[in-house]
Amino acid sequence: MAQDFNTFLFGDLRIATASSGRSDYAHTFGGPHDRKGTSREDCNGILIHLLHRFDLTDPAIPIRIPGVRWLPLYYCFDFRANDLGYRLISDDQLVTYFPDDDPNVSKEESWPDDEGYPLEFPKSSIKIAAYSYNPTKLNDAYQWAGIFGIGNLSKRDQLAAKKRVAKWIDSLGFEAPPETDEEFDEAFSSPFAQGKPDSPCLNPDCSNWKKKGQLTTIALMPAEPVKGIRTFGRMGAGVQLIVRMCPRCYTIRVSNQCD
Ligand SMILES: [Zn+2]
């Protein structure tokens, strides 16, 4: 399926896809680091990789960041870090944050493929397209409830969505169906296979630092975002990257989950 190569972008109750192709805007995937603050020296010896680089003046992209035209998506595929945080200072500079409380990381530098993991991904062109999503339609709202919630449905359809998610949780047999608002909020997790991510902003100067559930999801990326480029190596086909942004300080936090 061509859709397997799609990266989804979210914002403003809209969904767009980023896939290989020509565009009037200079969106790219891969290539060298695009600004200061990204080198190994700047990141305590850790190499981070540039994935997509979006021109936010393209109206097809539903994401805006004050004072920033070029939005780069970076991630650290070195297993010494699971999550990567960064704040864009300008189109020339960013600062990175590496969580220091993650126990599930390796001590030594290691990569998804033991040999031949590229220092940077080959650069290619990316195009953006709108993706059908109507927050007032039950099926659409349900499918993307983990990102946009179900607040734009009619009361009747909200009730139908709650019944559907309760039935689904019940059928899994692991836990009791949701009852409170909080439990329902957690249950509406699609498209996140491992539940809605809720880790906090990584910027220590932000009021959302250490505060869970505040970040909004701006992108979901498959393991093979461009045909032939397997970011998590030969064995990692089912790993997705989740890109979230803090609505207060615009710090970005990228984490991974298995589908
Ligand atoms: Zn923040």
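As shown above, the structure is provided for reference.
Just so we're clear, the structure is a prediction, and the values are computed from it rather than from any experiment.

1. Looking at the state of the cysteines
At step 1: Counted by the stated rule, this structure contains zero disulfides.
At step 2: With no disulfide partner, Cys 258 has as its closest neighbouring cysteine sulfur the one in Cys 76, 16 Å distant.
At step 3: Note on Cys 258: relative accessible area 38%, which makes it partly exposed.

2. Quick notes on the coordination of the zinc ion
Any two of four tetrahedral donors ideally make an angle of 109.5 degrees at the metal, while pairs among six octahedral donors ideally make 90 or 180 degrees.
At step 1: Looking at the metal site, the zinc ion is ligated by Cys 201 (SG), Cys 206 (SG), Cys 246 (SG) and Cys 249 (SG), spaced 2.3 Å from it.
At step 2: What the four donor atoms of the zinc ion show is an angle range of 100 to 118° at the metal, which sorts the shape as tetrahedral.
At step 3: Taken in chain order, the donor set of the zinc ion reads C-x4-C-x39-C-x2-C. With Cys 206 in the loop between α4 (181–187) and β9 (216–221) and Cys 246 in the loop between β10 (239–245) and β11 (252–258), this pair connects stretches of sequence that are 40 residues apart.
At step 4: On the basis of relative accessibility, which here comes to 9%, the residue Cys 206 falls in the buried class.
At step 5: Of the residues examined, Cys 246 reaches a relative accessible area of 0% and is grouped as buried.

3. Description of unusual backbone geometry
At step 1: A cis amide bond links Ser 190 to the next residue, Pro 191, at an omega of 10°.
At step 2: Following the sequence through the fold, Pro 191 ends up in the loop between α4 and β9.
At step 3: In this structure, Lys 210 takes a positive phi of about 65° despite not being glycine.
At step 4: Here Lys 210 lies in the loop between α4 and β9.

4. Points about the environment of Ala 160
At step 1: Tracing the sequence through the fold places Ala 160 in helix α3 (residues 155–172).
At step 2: For Ala 160, a relative accessible area of 29% puts it in the partly exposed group.
At step 3: C-alpha separation for the pair Ala 160 and Ala 219, spaced 59 residues apart in sequence, amounts to 27 Å.

Procedures and definitions
Residues numbered from 1 in each chain as written. Predicted model: local features only at pLDDT ≥ 70, side-chain atom pairs only at ≥ 80, totals over all residues. Heavy atoms only, no water. Disulfide = S-S within 2.5 Å. Buried < 20%, exposed > 50% of the residue type's maximum accessible area, 1.4 Å probe, protein only. Donors = N, O, S within 2.8 Å, 3.2 Å for Na, K, Ca; no water. Tetrahedral: all angles 85-135°; square planar, octahedral: opposite > 155°, others 65-115°. Helix = DSSP H or I, 4+ residues; strand = E, 2+ residues; numbered from the N terminus.

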